[in-house]
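Here are the chains, one letter per residue:
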Amino acid sequence: MTRLIRRAIGNCTYPKSGVSYSKDGFVSNQRNPVISNTGILNQGSYNCVVIMGQCTSAVSSTSVSVVSIPVASNNGPICAGQQLVLNVNSIQGATYTWIGPNGFTSTSATPIKNNMTLSDSGNYSVTITSPGCGTVGPISTLVLVKPLPQAPVASSSSPACVGDNLQLNASASSGATYNWIGPNGFVSSQQNPVRINSSLLFAGTYSVSVNLNGCSSAPANTSV
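Read on for a plain summary of the structure.

**As for the state of the cysteines**
Move 1: Evaluated as defined, the whole model comprises one disulfide.
Move 2: Note that Cys-79 is cross-linked by a disulfide to Cys-215, the S-S spacing being 2.0 Å. What sets the handedness of the Cys-79 and Cys-215 disulfide is the S-S torsion sign, and at about -95 degrees it is left-handed. Within this pair, whereas Cys-79 is found in strand β9 (residues 78-79), its partner Cys-215 is found in strand β23 (residues 215-216), the two being separated by 136 residues in sequence.

This is the structure:
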């Protein structure tokens, strides 16, 4: 975007025979200089003096701020049922209009949508209106919602006698990892773990879930 450096009036009277602007290497003798392809390095204070013959005015300054081109993003990919958080660069005094799949709308700079479903996948776009930059956008970010794996079927060799081995079983899920939890601090990442030398402390409910592509299934339970 291009910012116009407006004139600063010095102490000398019209007509002017010379104007000089300067900032960090930028120098111009134009009355109303223009800086093209403005970047963050161009922001700051610009000084101006007016020269007429042997007369040089006091220094007058103007402050220029440059806003980066906004970028939209999200916390995805996420799993079904999780929370979506959308983000875009915050601009002071700006207003935001988000739109997305399934009629989603928001006027927040960082909107949140709970309990995401597979049909909520898609492009989310924001249009920004600010006093200094006018209207920018729409700017889009692609959201991917991943399905949850199917819960396994859990079973065991229960009932077991004290001293026996306890066999736990979960149905196979291709490519998945397993997470077992149970009584007396039991945990295992095996599909079909074995607890040896059973004691009365082994009795209770054992739960197993599977994780696939970063998403966890609902737990399946078996009673021992």
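**Quick notes on the packing of aromatic side chains**
Move 1: Inspection of every chain in the model, using the stated rule, returns two aromatic pairs.
Move 2: Here Phe-104 and Tyr-124 contribute two aromatic rings whose centre-to-centre distance is 5.4 Å and whose plane-to-plane angle is 65 degrees, an arrangement assigned as edge-to-face. Of this pair, Phe-104 sits in strand β12 (residues 104-106) while Tyr-124 sits in strand β14 (residues 122-130); the two residues are 20 residues apart in sequence, bridging distant segments of the chain.
Move 3: A residue is classified by how much of its surface remains accessible, and Tyr-124, at 0% relative accessible area, is buried.
Move 4: An angle of 65 degrees between the planes, with centres 5.7 Å apart, marks the rings of Phe-186 and Tyr-206 as edge-to-face. With a gap of 20 residues between them, Phe-186 in strand β20 (residues 186-188) and Tyr-206 in strand β22 (residues 205-212) connect regions that are remote in the sequence. By the burial criterion, Phe-186 is buried, and Tyr-206 matches it.
Move 5: Lying across the ring of Phe-202, Arg-195 places its NZ or CZ 3.7 Å from the centre.

**Details of the nonpolar core**
Move 1: Judged by nonpolar contacts, the single largest core of 18 residues is most densely connected at Tyr-96, Trp-98, Tyr-124, Val-126 and Ile-128.
Move 2: Among the secondary structure elements, those contributing two or more residues to this core are β10 (84-88), β11 (95-100), β14 and β15 (134-143).
Move 3: When near neighbours in sequence (up to four residues on either side) are disregarded, Tyr-96 contacts Val-88, Asn-89, Ser-90, Ile-91, Ser-106, Thr-107, Ser-108, Ala-109, Val-126, Thr-127 and Ile-128.
Move 4: Counting residues in each nonpolar core, the second largest holds 13 residues, with Ala-154, Leu-168, Ala-176 and Phe-186 among its members.

**Regarding the sheet that holds strand β17 (residues 154-156)**
Within a beta sheet, neighbouring strands are joined by backbone hydrogen bonds and run either parallel or antiparallel to one another.
Move 1: The sheet built from three strands is open, its strands ordered β17-β18-β21 with antiparallel pairing. Looking at which strands have only one partner, the edges of the open sheet turn out to be β17 and β21 (194-195).

**Brief notes about the sheet that holds β12**
Move 1: Strand order in this open sheet of four strands is β12-β11-β14-β15, and the pairing throughout is antiparallel. The open sheet terminates on both sides in strands that have one partner only, identified here as β12 and β15. Strand-to-strand twist of the sheet, defined as the mean angle between neighbouring strand axes without regard to direction, takes the value 15 degrees.
Move 2: Bridge count between β11 and β12: three bridges; the pairing is antiparallel. Looking at β12, one finds that Gly-100 is bridged to Phe-104.

What counts, and where the lines are drawn
- Within every chain, residues take consecutive numbers counted from 1 along the sequence as written.
- Reporting of local features is limited, given that this is a predicted model, to residues whose pLDDT is at least 70; pairs of side-chain atoms are given and counted only at 80 or more, and all residues count toward the totals for whole chains, interfaces and linings.
- Where side-chain values are given, they derive from all heavy atoms of the structure, hydrogens and water being excluded.
- Our working definition of a disulfide is a cysteine sulfur pair at a distance within 2.5 Å.
- By the criteria applied, helices consist of DSSP H or I runs no shorter than four residues and strands consist of E runs no shorter than two, each listed in order from the N terminus.
- What counts as a ring pair is set by centres within 6.5 Å for rings of Phe, Tyr and Trp (its six-membered ring), and what kind of pair is set by the plane angle: stacked under 30 degrees, edge-to-face over 60, tilted for all other angles.
- Relative accessibility under 20% of the residue-type maximum defines a buried residue, over 50% an exposed one, and the middle range a partly exposed one, all with a 1.4 Å probe and only protein chains included.
- In our convention, an over-ring charge means Lys NZ or Arg CZ found within 6 Å of a ring centre and within 35 degrees of that ring's normal.
- To qualify as a nonpolar core, a set must consist of buried Ala, Val, Leu, Ile, Met, Phe, Trp, Tyr and Cys residues joined through side-chain atoms within 4.5 Å.
- Contacts are assigned to residue pairs that have any heavy atoms within 4.5 Å of one another.
- In this scheme, strands are said to pair when DSSP sees at least two bridges between them.
- Angular values range over 0 to 180 degrees, each being the angle between N-to-C directions of two axes fitted as lines to C-alpha atoms, with helices fitted over their stretch in contact.

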